[in-house]
Amino acid sequence: MIHADKLTVMQILPALEFGGVERGTLEIARALVQRGHRSIVVSGGGKMMAQLQDEGSEHISLPVGRKSPFSLRLIPALKKTFVSCNVDIVHARSRFPAWLSYLALQNWKGPLRPRFITTVHGTYSIGFYSGIMTKGEEVIAISNFVKKYIMENYTASNPDHVHVIPRGVDPDFFCYGYQPINTWQQAWYEQFPETKGKSLVTLPGRITRRKGHEDFIEIFKLLMVNNSLHGVIAGGSDKRKQKYLHQLKAMINDSGLSDRITITGHRNDIREIYSLSKVVLSLATEPEAFGRTSLEALSIGVPVIAYDHGGTGEVLGKLFPGGLVPRGDIKKTAELIQDFISTPPNVRPQDIYSLKDMQDKTLSLYESQIATREKA
C-alpha cells in the first residue's frame, strides 16, 4: 500500500440509516481514521451517524439525498466545503449526491482540485441519470457482476479505470464457529419463545419486495410437514414499506404459518441470529450487486442456499457452490433445506473476502490518485 501524507477524504451519500452502502461508508471512514487520515462524511444524517463520529470521523449534515431542483442550490455550498476542508478525494456513493459533487467540481482547474471517485453499489436503472456513477475519474465496482453491468451498459467507460473491490467481512467479528453468549440466547428465547428447540431457517435483509419474502412463504408451505423447522425473517422495514409488511403478515396468516414464521424487525445482532440458524437463505428476485449477508453467514460456518444470479451467485460460486439453486426454484430450495437439515454440509473457513483487503484496496486507490495529481 502507498504510504501517503495525510489525506482528507470526503464520502457523500444520502443518509446514514442502515444498509450496505452505509456500512461500507463507515468501514472506509474507520480505516481512514486508523491510518491517520482525515475522514469526512456528508449526508442527511441518520441512525449510524453517532457511530461514525464515535469512530473519529467528521459529519457534515446536508440534504444531498433530496431529489429536487431546489437541491441544486447545494452545489455552491458543496464547493465551498471542498475548499474550506482542503478535500483531496470526493467519494460519491449514490446517484444524486454524485451529480451534486460532479457539478460542484466542474470548471475547477488546478492542482488543488479534489479527485472524484464513485462506487457503483448496484445495477441501477440504465440511463443518463444513473450514468453519473460511471463518471468518476476512478470507478469502484463492488463485484465482477457489477463491472460487467458497467461495461455492457456504459460503453464509454474505460475498463482500466473500473476497479473491482469486493465488499468484505471482519473475520474477528464474523469469526468461524462463532457462538453467542448465554445471556443473548436467553434474551432471544424470551422474546421469541416459538423458536426454541427448532431448526431455524433464516432470511436476512430489509423488508422490500425484491428480497424474496413471498418466495420464503411459499417455501415454508412446502415444509409444513416438518414441524421441527421454523422460519425467521430478520430485517426491518422503513415507513414506505409498512403496507408491504402488513401484506406479508397477512400472507403468513392466510397460509397457516403464523406459528411457523417469525418476523423480528430490524436487528443489530444479525451475527448471533446467523449462529442460531441451521440454514440462511438469499432469495432476491433481482440480482444482488454483491451478497453481503450470504458472505457473513458463510464466514461463521453456516450453510447458505441462494438463487444463482448476481453478486450472490458470484460469492457462493467461489465459497459454497452446493448452496446455489436456480432463481425462483421454490421446490429445489425446499428440498435442499431438508437435505442440509438432515445432513449438515461442511462449510469451510473463507479468506477470499476480507474487510481489511477491501479497506486496503480502497485507500490505495485514494493514495494513487493523489500521487498522480501531484505529478500533473
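Everything in this summary refers to the structure shown in the same document. Remember, it's a predicted structure, so these values are computed and weren't measured experimentally.

**Things to note about the packing of aromatic side chains**
The relation between two aromatic rings is expressed through the spacing of the ring centres and the mutual angle of the planes.
Thinking step 1. In the structure shown here, the tally under the stated rule is 11 aromatic pairs.
Thinking step 2. A centroid spacing of 6.4 Å and a plane angle of 50° characterise the contact between Phe174 and Tyr274, whose relative ring orientation is tilted. Note that Phe174 is positioned in the loop between strand 7 (162-164) and helix 6 (182-191) and Tyr274 in helix 9 (residues 270-276), a separation of 100 residues in sequence. The same class applies to Phe174 as to Tyr274, namely buried.
Thinking step 3. An aromatic cluster of at least three residues, connected via ring pairs, comprises Trp99, Tyr102, Phe116 and Phe128.

**Some words on the pattern of salt bridges**
Thinking step 1. Inspection of every chain in the model, using the stated rule, returns 18 salt bridges.
Thinking step 2. One salt bridge connects Arg292 with Glu27, and the closest N-O pair in it is separated by 3.3 Å. On the criterion of sequence distance, the pair formed by Arg292 in helix 10 (residues 292-299) and Glu27 in helix 1 (residues 20-34) is long-range, its members being 265 residues apart. For the pair shown, Arg292 and Glu27 are each scored as buried.
Thinking step 3. Here Asp360 makes a salt bridge to Lys356, at a shortest N to O gap of 2.8 Å. Taken together, the positions of Asp360 and Lys356, both in helix 13 (residues 355-375) and 4 residues apart, correspond to about one turn of that helix.
Thinking step 4. Under the relative-accessibility criterion, Lys356 is labelled exposed at 54%.
Thinking step 5. When salt bridges with common partners are traced through the structure, they connect Arg35, Lys356 and Asp360 into a single cluster.

**Some details on the packing of helix 10 against helix 11 (residues 310-319)**
Thinking step 1. In the contact formed by helix 10 and helix 11, the axes pass within 8 Å of each other and the chain directions differ by 25°. As far as their axial angle goes, helix 11 and helix 10 are roughly parallel. Crossing of helix 10 against helix 11: the hand is right-handed. Residue-level contacts link Ser294, Leu295 and Leu298 of helix 10 to Thr312, Val315, Leu316 and Leu319 of helix 11.
Thinking step 2. Residues belonging to the contact of helix 10 with helix 11 are distributed by class as follows: 5 nonpolar, 2 polar and no charged.

**Some points on unusual backbone geometry**
Thinking step 1. One non-glycine residue, Asn86, lies in the positive phi region at around 50°.
Thinking step 2. Overall, the relative accessible area of 58% leaves Asn86 in the exposed class.
Thinking step 3. Phi at Asn107 is positive, roughly 60°, even though this residue is not glycine.
Thinking step 4. Assignment of secondary structure puts Asn107 in the loop between helix 4 (95-105) and strand 5 (115-120).

**Some details on the pairing of strand 8 (residues 199-204)**
Looking along a regular strand, one sees the side chains alternate between the two faces of the sheet.
Thinking step 1. With 6 of 6 residues buried, strand 8 lies mostly within the body of the structure.
Thinking step 2. Summarising the sheet, strand 8 and strand 9 (residues 229-234) pair through 6 bridges and their orientation is parallel. Following the sheet pairing, Leu200 is matched in strand 9 by His230.
Thinking step 3. You can see the chain leave strand 8, run along helix 7 (residues 213-222) and come back into strand 9, and the turn it takes is right-handed.
Thinking step 4. Sheet topology note: the strand 8/strand 11 (residues 277-282) ladder contains 3 bridges and is parallel. Paired with Thr202 across the strands is Val280, a residue of strand 11.

**Some words on the nonpolar core**
Thinking step 1. Membership of the largest hydrophobic core comes to 90 residues, with the highest contact counts inside it found for Phe82, Phe216 and Leu281.
Thinking step 2. Take this core: its biggest share by element is 6 residues, from helix 4.

**Some thoughts on the layout of surface pockets**
Thinking step 1. In this structure, the second largest pocket spans a volume of roughly 270 Å³.
Thinking step 2. As for the second largest pocket, its lining consists of 16 residues, of which Ser277, Lys278, Gly301, Val302 and Pro303 are closest to the centre.
Thinking step 3. Broken down by secondary-structure element, the contributors of at least two residues to the lining of the second largest pocket are helix 9, strand 11 and helix 12 (330-342).
Thinking step 4. Taken together, the residues of the lining of the second largest pocket break down into 9 nonpolar, 6 polar and 1 charged.

**Remarks on the sheet that holds strand 3 (residues 58-61)**
Thinking step 1. The parallel open sheet is built from 7 strands, whose spatial order is 3-2-1-4-5-6-7. Since the sheet does not close on itself, it has two edges, and those belong to strand 3 and strand 7, each with one partner. Averaged over all pairs of adjacent strands, the angle between their axes in this sheet comes to 25°, without regard to strand direction.
Thinking step 2. Running at roughly 165° to strand 5, helix 4 makes contact with strand 1 (8-12), strand 4 (89-92) and strand 5 of the sheet.
Thinking step 3. On top of the sheet, helix 5 (residues 144-153) reaches strand 5, strand 6 (138-141) and strand 7; it is set at about 160° to strand 7, its chief contact.

Cut-offs used in this document
Residues numbered from 1 in each chain as written. Predicted model: local features only at pLDDT ≥ 70, side-chain atom pairs only at ≥ 80, totals over all residues. Heavy atoms only, no water. Phe/Tyr/Trp six-rings, centres within 6.5 Å; stacked < 30°, edge-to-face > 60°. Helix = DSSP H or I, 4+ residues; strand = E, 2+ residues; numbered from the N terminus. Buried < 20%, exposed > 50% of the residue type's maximum accessible area, 1.4 Å probe, protein only. Salt bridge = Lys/Arg side-chain N within 4 Å of Asp/Glu carboxyl O. Axes fitted to C-alpha atoms, helices over the stretch in contact; angles between N-to-C directions. Parallel < 35°, antiparallel > 145°, perpendicular 65-115°, else oblique. Left-handed = near helix turned anticlockwise from the far one by under 90°. Contact = heavy atoms within 4.5 Å. Nonpolar A, V, L, I, M, F, W, Y, C, P; charged D, E, K, R; others polar. Pairing = 2+ DSSP bridges. Right-handed = clockwise from strand over helix to strand, strands pointing away. Core = buried A, V, L, I, M, F, W, Y, C linked by side-chain atoms within 4.5 Å. 1 Å grid on protein atoms, 1.4 Å probe; cavity = no way out; pocket = protein on both sides within 12 Å on 5 of 7 lines; lining within 4 Å. Points joined across faces, edges and corners; volume = space filled by probe spheres on them.

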